[in-house]
Amino acid sequence: MVNEGSMCLDLNQSRPMMTLTAPQIAQKCHDCPIRHRAVCARCDTSELERLEEIKYYRSFEAGQTIIWSGDKMEFVGSIVSGIATLTQTMEDGRTQMVGLLLPSDFVGRPGREGAAYDVVATTDVVMCCFRKKPFEQMMAETPTVANRLLEMTLDELDAAREWMLVLGRKTAREKIASLLSIVARRDASLHTQPATGPMVFNLPLTREAMSDYLGLTLETVSRQMSALRRDGVIELEGKRHVTIPDMRRLMDEAGDDADGGMLG
């Protein structure tokens, strides 16, 4: 998923940003948990070695702003774990969440100087960062990286168009079911599991974050989640641990008869 926001780090933030140590995450690209979906998915051994030379990892705490809109973009990168949000603020102070960044999503736009959105860590986030100028040079010299980024951009465009349908035409129940299906299928993809049959995952969003993203009230989100659980569409353990007994039934509740490209 390619987004207008940037992974650029704000070095003036009051909260420290910690570089991860080896026990916390695989340091080599070959062992990366998002290797098969990220911008480096098509890279050969020599290309991965080149990426190794310009990358490093950063972690952000839940609630921490990764970059502010308008900041100069010095880095691009991929989310390795956790979820972040893209938020746009209007001149009168109103804000709107305009996108979710899930593991393997690419953050930043090569060739653009400034960030268009605030990027905020919704959960604790780990990011694989690439220094922007060397990455842009590698794109120019390595068709594998450029082609993969184009592929991800087109997937993101498809996802954005589908999300317009979700927000503009679907009922509250369909919106909740659509969001759950997106997260469930992405989780299955990251773990190379088929998106069929019973699926189990931890919902990374609070009810408040879901309401912001879907344009619903908190009460409506809670009511619809309870209704889906009561009707057997989902099972909940606590507020975050979700089991989907039948993925096809959830897709029916979402008003979708196919994947529709919403995963990015």
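Scroll up a little and you will see the structure.
Calculation criteria
- Residues numbered from 1 in each chain as written.
- Predicted model: local features only at pLDDT ≥ 70, side-chain atom pairs only at ≥ 80, totals over all residues.
- Heavy atoms only, no water.
- Pairing = 2+ DSSP bridges.
- Helix = DSSP H or I, 4+ residues; strand = E, 2+ residues; numbered from the N terminus.
- Axes fitted to C-alpha atoms, helices over the stretch in contact; angles between N-to-C directions.
- Core = buried A, V, L, I, M, F, W, Y, C linked by side-chain atoms within 4.5 Å.
- Buried < 20%, exposed > 50% of the residue type's maximum accessible area, 1.4 Å probe, protein only.
- Contact = heavy atoms within 4.5 Å.
- Parallel < 35°, antiparallel > 145°, perpendicular 65-115°, else oblique.
- Nonpolar A, V, L, I, M, F, W, Y, C, P; charged D, E, K, R; others polar.
- Salt bridge = Lys/Arg side-chain N within 4 Å of Asp/Glu carboxyl O.

## Looking at the sheet that holds strand S5 (residues 84–89)
Here comes step 1: In spatial order, the strands read S3-S8-S5-S6; together these four strands make up an open sheet with antiparallel pairing. Looking along the sheet, the strands with just one partner apiece sit at the ends: strand S3 (65–67) and strand S6 (95–101). Recorded for the sheet is a direction-independent mean angle of 35° between the axes of neighbouring strands.
Here comes step 2: Taken together, the six bridges between S5 and S6 define a ladder with antiparallel strand orientation. In the sheet register, Thr85 faces S6, and the bridge partner there is Leu100.

## Section: the nonpolar core
Here comes step 1: Counting residues in hydrophobic clusters, the biggest one holds 35 residues, and the most contacted among them are Ile176, Leu179, Leu180, Met225, Ile234 and Ile244.
Here comes step 2: Put simply, the parts of the chain that give this core at least two residues each are S6, helix H3 (143–169), helix H4 (172–190), strand S10 (199–202), helix H5 (207–214), helix H6 (218–230), strand S12 (241–244) and helix H7 (247–253).
Here comes step 3: Looking at this core element by element, the count peaks at eight residues for H4.
Here comes step 4: With sequence-adjacent residues up to four places away left out, Ile234 is seen in contact with Leu180, Met225, Leu228, Arg229, Val242, Thr243, Ile244, Pro245 and Leu250.
Here comes step 5: Among the nonpolar cores identified, the runner-up in size contains 24 residues, and Val39, Cys128, Phe130 and Met139 belong to it.

## Thoughts on the pairing of S12
Here comes step 1: Inspection of the sheet shows S10 paired to S12 by four bridges, in the antiparallel sense. Residue pairing for S12: Asn202 is matched across the bridge by His241.
Here comes step 2: With three bridges joining them, strand S11 (residues 235–237) and S12 adopt antiparallel strand pairing. Within S12, the residue paired with Glu235 across the bridge is Thr243.
Here comes step 3: Adjacent in sequence and paired antiparallel, S11 and S12 are bridged by three residues, among which Gly238 carries a positive phi angle near 75°.

## Some thoughts on the packing of H3 against H4
Here comes step 1: Where H3 meets H4, the closest approach of the two axes is 9 Å, and the angle between their N-to-C directions is 155°. As far as their axial angle goes, H4 and H3 are roughly antiparallel. Between H3 and H4, the contacting residues are Trp163, Val166 and Leu167 on the first element and Lys175, Ser178, Leu179 and Ile182 on the second.
Here comes step 2: Per-class residue counts for the contact of H3 with H4 are five nonpolar, one polar and one charged.

## Structural notes on the pattern of salt bridges
As a working rule, side chains carrying opposite charge can pair if their charged atoms are close by.
Here comes step 1: Taken as a whole and judged by the stated rule, the model has ten salt bridges.
Here comes step 2: Measuring nitrogen to oxygen at the nearest pair gives 3.8 Å for the salt bridge that ties Lys133 to Glu136. Placement of the pair is Lys133 and Glu136 together in helix H2 (residues 132–141), with a separation of three residues, close to one helical turn.
Here comes step 3: What emerges from the salt-bridge pattern is a single network uniting Arg42, Arg148 and Glu151.

## What to know about the pairing of strand S4 (residues 75–81)
Here comes step 1: Counting buried residues along S4, six of its seven residues qualify, which places the element largely inside the surrounding structure.
Here comes step 2: Bridge analysis of S4 against strand S9 (residues 125–131) gives six bridges, and the strand direction is antiparallel. Bridging from a neighbouring strand, Ser81 pairs with Val126 of S9.

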